[in-house]
Amino acid sequence: MSVALRTFPTLTSLQTALAQGQLSATELAQDCLKQIHAQQALNAFVHVDTELTLAQARAADASRAAGTAGPLTGIPIAHKDVFVTQGWRSTAGSNMLKNYVSPFDATVVHKLLEAGCVNLGKLNCDEFAMGSGNEHSAFGPARNPWDQRCVPGGSSGGSAAAVAARLVFATTGTDTGGSVRQPAALCGVSGIKPTYGAVSRYGMIAYGSSLDQAGVIAPAAADLVALLDTMSGFDVRDATSTEQCRGVTNAPGRIQSEFKKASAHYLSQATLPLKGLRIGVPSEYFGVGLSPEVGAAIEAALVQFEQLGAQRVSISLPRTRLSIPAYYVIAPAEASSNLSRYDGVRYGHRTSSYTDLADMTGRSRAEGFGPEVQRRILVGTYVLSHGYYDAYYLQAQRLRRMIADDFQAAFAQKCDVIMGPVTPTVAKPIGGNQDDPTADWLADVYTLGLNLAGLPGMSVPCGFGKSAAGNPLPIGLQIIGDYFDEGRLLAIAHQYQLATDWHQHSAGQV
Ligand code: GLN
């Protein structure tokens, strides 16, 4: 663990330390880089460039000396390798893009850089973000810092592992079907996937464009506020991005203000800070497949919320199980279209020997894409093909609407937020499901619905289970909100974290 991040474990304490000159951005970056190097076994980072990082850190220090520093100036951050970055390689965890260096920064990268964050490098992930365990990376699996024989979760596995090991303060991730929430849950850190459209997708290497959304991971919910606030907002380069956020429209700092407003509201009722909050608990999230240790930790968290004044309401999301077939038709369909651009002609891997153009494209794709990506492309091409489009793709789109309607009915009639597990079990051993490539897909049952509906969701640490070797492995509580209700989600998670200390544990310290 970085000494600085151990000494200043929250964003606020780190901001104060930087502002008061207790440490410089350069010292902090050097300390983090040392730890990244020492913890290479985690395989969390796929590209580190000391010179590029230190140049950003020196710029942060110069800006502080000049009196132009902002709240995030000097904060160390790292990006999932699906965000393109100028200077660093951008691989999406794939041999297809092994040596690709983007000529521009993704909007998320650009905004955080403008705010003064210092980029520590690029993080391991499943190839093109396809996976739930970070096992499908061309650069080998990332490892869970709590037990290195286990997966960190995916696809943003490097992002969660790096924060859990406190190699860096915060990381970006992407969530197409759970990839911010799942690894955050399995690594014991806090992560948020905002409403679809809240954060620009420009420069995010595409997987399933109607589902992909950028998110952020940090130790605690309160840490996420300033980061999400900086990342979000309308971007002319992404037509699906929006400025809208409940209650505050077109106002800079809208999530911050929502968060503050919501926090002030809850804090004003000091003894019962969550009084009146209606928490919907879907019966479908607690059926067959949920491991007893995860079920018990979620139940304990719900009891804690009740003690804090919230009210538990039983709800039903009847199409929950159908989110798996719906998602695994729609996401591969979009992926097969998005990934058709990797033809060996313009950029990406090109095979060394071929006979003609078709042969060159075929060989380049066969060599560049790993097995999971090829599987998804095959599924996607099949469901979009003539004769099957109506039977699979259109049916899946109809289901998608019904799944979104289920959430809307719950919010309209019964509850303010929804809570449940993120994953059915704690982290699994690496290589566990090798014989059945689709077994992992089932573990996405609690996360996919939000992406199909476009809703925001979080994962916050809420307990521990055990690995086969007896090591503690974290469990995450999922908090789901209505559209653009990120402020409320963050405030609720913050209240929970004021009352509990699960988020304060870091790997190796329980
Ligand atoms: N596990 C899901 C998949 O493999 C979700 C991945 C993601 O959110 N990027 O498609």
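What counts, and where the lines are drawn
- Residues numbered from 1 in each chain as written.
- Predicted model: local features only at pLDDT ≥ 70, side-chain atom pairs only at ≥ 80, totals over all residues.
- Heavy atoms only, no water.
- 1 Å grid on protein atoms, 1.4 Å probe; cavity = no way out; pocket = protein on both sides within 12 Å on 5 of 7 lines; lining within 4 Å.
- Points joined across faces, edges and corners; volume = space filled by probe spheres on them.
- Helix = DSSP H or I, 4+ residues; strand = E, 2+ residues; numbered from the N terminus.
- Nonpolar A, V, L, I, M, F, W, Y, C, P; charged D, E, K, R; others polar.
- Axes fitted to C-alpha atoms, helices over the stretch in contact; angles between N-to-C directions.
- Parallel < 35°, antiparallel > 145°, perpendicular 65-115°, else oblique.
- Left-handed = near helix turned anticlockwise from the far one by under 90°.
- Contact = heavy atoms within 4.5 Å.
- Expected span 1.5 Å × (residues − 1).
- Near = heavy atom within 4 Å.
- Polar contact = N/O pair within 3.5 Å; in protein donor to acceptor, adjacent residues only side chain to side chain.
- Areas by Shrake-Rupley, 256 points an atom, 1.4 Å probe, with all protein chains shown as cover.
- Sits in = over half its atoms within 2 Å of the grid points.
- Core = buried A, V, L, I, M, F, W, Y, C linked by side-chain atoms within 4.5 Å.
- Buried < 20%, exposed > 50% of the residue type's maximum accessible area, 1.4 Å probe, protein only.
- Lys, Arg positive; Asp, Glu negative; His and termini not counted.
- Salt bridge = Lys/Arg side-chain N within 4 Å of Asp/Glu carboxyl O.
- Phe/Tyr/Trp six-rings, centres within 6.5 Å; stacked < 30°, edge-to-face > 60°.
- Pairing = 2+ DSSP bridges.
- pLDDT = per-residue confidence, 0-100.

1. Observations concerning the layout of surface pockets
Take a probe with the size of a water molecule and roll it over the atoms, and the empty space left behind shows itself. Taken as a whole, the largest pocket holds about 460 Å³ of empty space. Lining the largest pocket are 28 residues, with P424, K428, D440, L442 and A443 positioned closest to its centre. In terms of residue count, helix α15 (residues 439-442) provides more of the lining of the largest pocket than any other element does, three residues in total. Residues that form the lining of the largest pocket fall into these classes: twelve nonpolar, ten polar and six charged.

2. Description of the packing of helix α5 (residues 107-114) against helix α8 (residues 221-231)
When two helices pack together, their arrangement is given by the angle between the helix axes and the distance between those axes. Where α5 contacts α8, the two axes come as close as 8 Å, and the packing angle between them is 120°. In this view, α5 runs oblique relative to α8, as classed from their interaxial angle. By crossing handedness, the relation of α5 to α8 is classed as right-handed. Residue-level contacts link V108, K111 and L112 of α5 to L227, T230 and M231 of α8. Among the residues forming the contact of α5 with α8, the class breakdown is four nonpolar, one polar and one charged.

3. Here's the deal with helix α14 (residues 389-413)
For α14, which comprises 25 residues, the first-to-last C-alpha distance of 35 Å matches the rise-based estimate of 36 Å (1.5 Å per residue) to within 8%. The inward-facing, buried residues of α14 contact β8 (311-315), α11 (323-338), α13 (371-384), β9 (417-421), α16 (448-453) and β11 (472-480).

4. Here we look at the site of the ligand
A129, G177, S179, Y207 and Y327 are the nearest of the 15 residues found near the ligand. A distance of 2.7 Å separates an oxygen atom of the ligand from a polar side-chain atom of S179. Y327 is positioned with one of its side-chain polar atoms (N or O) 2.6 Å from an oxygen atom of the ligand. When the free accessible area of the ligand is taken as 290 Å², the share hidden by the protein chains comes to 100%. When atom positions are compared with the pocket grids, the ligand is found to occupy the largest cavity.

5. Topic: empty space enclosed by the protein
This structure, assessed with the given rule, holds six cavities of 30 Å³ or more. Its boundaries defined by the atoms lining it, the largest cavity holds a volume of some 70 Å³. Here the second largest cavity is characterised by a volume of approximately 60 Å³. Together, Y285, L317, R319, T320, S323, I403, D406, F407, V445 and G449 line the second largest cavity. For the lining of the second largest cavity, the leading source of residues is α14, giving three residues. Each residue belonging to the lining of the second largest cavity can be placed in one class, and the counts come to five nonpolar, three polar and two charged.

6. A short note on the packing of α13 against α14
For the pair α13 and α14, the least separation of the axes is 7 Å and the interaxial angle reads 105°. Considering their axes alone, α13 and α14 lie roughly perpendicular with respect to each other. Two secondary-structure elements touch here, α13 through Y382, V383 and L384 and α14 through Y389, Y392 and Y393. Its residues assigned to classes, the contact of α13 with α14 shows six nonpolar, no polar and no charged.

7. Some remarks on the nonpolar core
Counting 146 residues, the largest nonpolar core has F45, F128, F407, M458 and I479 as its most contacted members. At nine residues, the largest contribution of residues to this core is made by α11.

8. Re the side chain of K193
Take K193: it is sitting in strand β5 (residues 190-193). It turns out K193 is buried and unbridged, and the closest side chain with the opposite charge, D175, is 5.9 Å from it. Within the local environment of K193, its side chain forms a polar contact with the backbone oxygen of L455, the two atoms lying 2.8 Å apart. Here K193 is in contact with D175, V180, R181, Q213, L450, N451, G454, L455, P456 and G457, once residues within four sequence places are set aside.

9. A closer look at the packing of aromatic side chains
This model, assessed by the stated rule, comprises 16 aromatic pairs. Their ring planes at 45° and their centres at 5.3 Å tell us that Y285 and Y446 sit as a pair that is tilted. Linking Y285 in the loop between β7 (278-282) and α10 (292-307) with Y446 in the loop between α15 and α16, this pair joins segments that are 161 residues apart in sequence. Judged by relative accessible area, which is 2%, Y285 ranks as buried. Their ring planes at 85° and their centres at 6.1 Å tell us that Y342 and F369 sit as a pair that is edge-to-face. Placement of Y342 in the loop between α11 and α12 (357-368) and of F369 in the loop between α12 and α13 is noted, with a sequence separation of 27 residues between them. Taken individually, Y342 and F369 each receive the classification buried, so the pair is uniform in this respect. What links up through ring pairs into an aromatic cluster is the set Y100, F128, Y342, Y347 and F369.

10. Some details on the pairing of strand β4 (residues 170-174)
Counting buried positions along β4 yields five of five residues, so the element is predominantly enclosed. Every second residue of β4 is oriented toward a common face, with A170, T172 and T174 on one face and T171 and G173 on the other, all of them buried. Summarising the sheet, strand β2 (residues 76-80) and β4 pair through two bridges and their orientation is parallel. Looking across to β4, one finds that I77 is bridged to A170. With four bridges joining them, β4 and strand β6 (residues 214-218) adopt antiparallel strand pairing. The partner of T172 across the bridge, within β6, is V216.

11. A word on the confidence of the model for the protein chain
Summary statistics for the protein chain give a mean pLDDT of 93 and a share of 94% for residues scoring 70 or more. Within the model, pLDDT remains below 50 along residues 246-252, and this stretch shows ten contacts once partners closer than five positions in the same chain are excluded.

12. What to know about the environment of L28
Note on placement: L28 falls in helix α3 (residues 25-38). Since its relative accessible area comes to 0%, L28 is described here as buried. As for L28 and L14, which are separated by 14 residues in sequence, their C-alpha atoms are 9.7 Å apart. Setting aside residues no more than four positions away along its own chain, L28 makes contact with A4, L5, L14, L18, L23, G74 and P76.

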